[in-house]
Amino acid sequence: MDTATPVANGAAPAVVERPLDRIRREAEEQLGELLAPLRARRAQLEAELKDLSSEEEEILAVAGALHVKAPKAPAKKSGKSQTHLPSQKVQDDIYAVMAKSGMADMTKDDVRDATGLSESTVMAALRELRLAERIRLTGSRKREGDTRTGGRAPATYAVMTDG
Amino acid sequence: MAEGQLEHLTLFDVSDREILLIVRDHANPGGYVFAGQISTVLDIGGEHPGKVVASRFSWLKRLGALERAGKTDPYGTDEETGQLGWRLTELGMAIATGKLKKQQQQSLDRMDPGEVILLTRWLGGRVSQNGVGRFVDREYRFGKGGGRR
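Residues numbered from 1 in each chain as written. Chains lettered and ligands numbered in written order. Predicted model: local features only at pLDDT ≥ 70, side-chain atom pairs only at ≥ 80, totals over all residues. Heavy atoms only, no water.

## Regarding unusual backbone geometry
Phi at Glu133(A) takes a positive value of approximately 55°, unusual for a residue other than glycine. Along the chain, the position of Glu133(A) falls in the loop between α4 (119-131) and β3 (135-140). Since its relative accessible area comes to 28%, Glu133(A) is described here as partly exposed. At Tyr75(B), a residue that is not glycine, the phi angle is positive and equals roughly 70°. Mapped onto the elements of the fold, Tyr75(B) is located in the loop between β1 (66-68) and β2 (86-88). (Helix = DSSP H or I, 4+ residues; strand = E, 2+ residues; numbered from the N terminus. Buried < 20%, exposed > 50% of the residue type's maximum accessible area, 1.4 Å probe, protein only.)

Shown next as structure tokens:
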């Protein structure tokens, strides 16, 4: 099938997209949709790494100027962690709460209410537990009339019983 | 789209294993789920949430973890939308529910860094020729990047 049909009055010929071209174009669009967030995430991580490297260099430069050793990182505290990465104990405690809850799955608010931990700590711990495949994302829970979430259905998590 | 909703379904959002277990959890008697159905389960936002799920399912089909329903397969068609369903293959079920034996886990835990590198080299040679290798790569990348939801 011709992709261009000549027109008698001299106007530009109409271009008809071939099925294969259409499939190729749609596939490229879908691939682009998959690539975009990955590239954005990489750019974000590279920027954060650059900032961290700069801070480290500044600290070492000051320490060198004072002719003292570079300060050591503070020892990790047990229990509630003030750092972004929750301690293994916190992760284990959250896992235990989820395993014993009797609920099919829990939102981060359920976990926060059950543990008394801060939302940021719960979120960080849930992320680590997912990476370790001790828990998994199971879906979301519709919450009618809940103005706190503004209509967004919170994600639900459950302990991994498979594998 | 509400704040915090998933707009994409990348590996950083949901792992292959999580997606496959969600398929298993929500399958109909024929083992099938539908893209629109799963987009509701995961509360995907944007204008075409079903398309977001279908894109991820398409990747998993190419990697051999999911298969598409035929038009005459029982339970394979959504009665309301006419969508064709997706279901786990044998590989997909193995990825979703597989588990190392305790002895295997202990052997791997005892490996020193040099042995880990040798294992990785062997693994690369073993799986490079089939879809399993793609899943190995994806598992490694998801583990590095972490889920963000």
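After presenting the structure, the write-up continues.
## Some words on empty space enclosed by the protein
Considering all chains together, one arrives at two cavities of 30 Å³ or more under this definition. Within this model, the largest cavity holds a volume of roughly 70 Å³. In this structure, the largest cavity is lined by Glu33(A), Leu34(A), Glu7(B), His8(B), Leu9(B), Val52(B), Ser55(B) and Arg56(B). Elements with a minimum of two residues in the lining of the largest cavity: α1 (19-65) of chain A together with α3 (49-62) of chain B. By residue number, the principal contributor to the lining of the largest cavity is α3(B), which donates three residues. Residue classes in the lining of the largest cavity are distributed as three nonpolar, two polar and three charged. (1 Å grid on protein atoms, 1.4 Å probe; cavity = no way out; pocket = protein on both sides within 12 Å on 5 of 7 lines; lining within 4 Å. Points joined across faces, edges and corners; volume = space filled by probe spheres on them. Nonpolar A, V, L, I, M, F, W, Y, C, P; charged D, E, K, R; others polar.)

## Re the packing of helix α1 (residues 16-26) of chain B against helix α4 (residues 90-97) of chain B
Residue and element names in this part refer to chain B. Here α1 crosses α4 at 110°, and the two axes come no closer than 8 Å. In this view, α1 runs roughly perpendicular relative to α4, as classed from their interaxial angle. α1 and α4 meet at a crossing whose hand is left-handed. Here α1 contributes Arg17, Leu20, Leu21 and Arg24 to the contact with α4, which in turn contributes Gly92, Met93, Ile95, Ala96 and Thr97. Class assignment for the residues of the contact of α1 with α4 results in five nonpolar, two polar and two charged. (Axes fitted to C-alpha atoms, helices over the stretch in contact; angles between N-to-C directions. Parallel < 35°, antiparallel > 145°, perpendicular 65-115°, else oblique. Left-handed = near helix turned anticlockwise from the far one by under 90°. Contact = heavy atoms within 4.5 Å.)

## Some remarks on the pattern of salt bridges
Residues and elements named next belong to chain A. Within the structure shown, the criterion is met by 20 salt bridges over all chains. Ionic pairing is found between aspartate 109 and lysine 108, a salt bridge with its closest N-O pair at 3.4 Å. Aspartate 113 is paired through a salt bridge with arginine 112; the nearest N and O atoms lie 3.5 Å apart. Judged by its relative accessible area of 23%, arginine 112 falls in the partly exposed class. Taken together, the shared-partner salt bridges in this structure form one network comprising Lys108, Asp109, Arg112, Asp113 and Glu119. (Salt bridge = Lys/Arg side-chain N within 4 Å of Asp/Glu carboxyl O.)

## Some details on the pairing of β3(A)
Residue and element names in this part refer to chain A. With six of six residues buried, β3 lies mostly within the body of the structure. Pairing between β3 and strand β4 (residues 155-159): five bridges, direction antiparallel. Its bridge partner lying in β4, leucine 137 is registered against tyrosine 157. (Pairing = 2+ DSSP bridges.)

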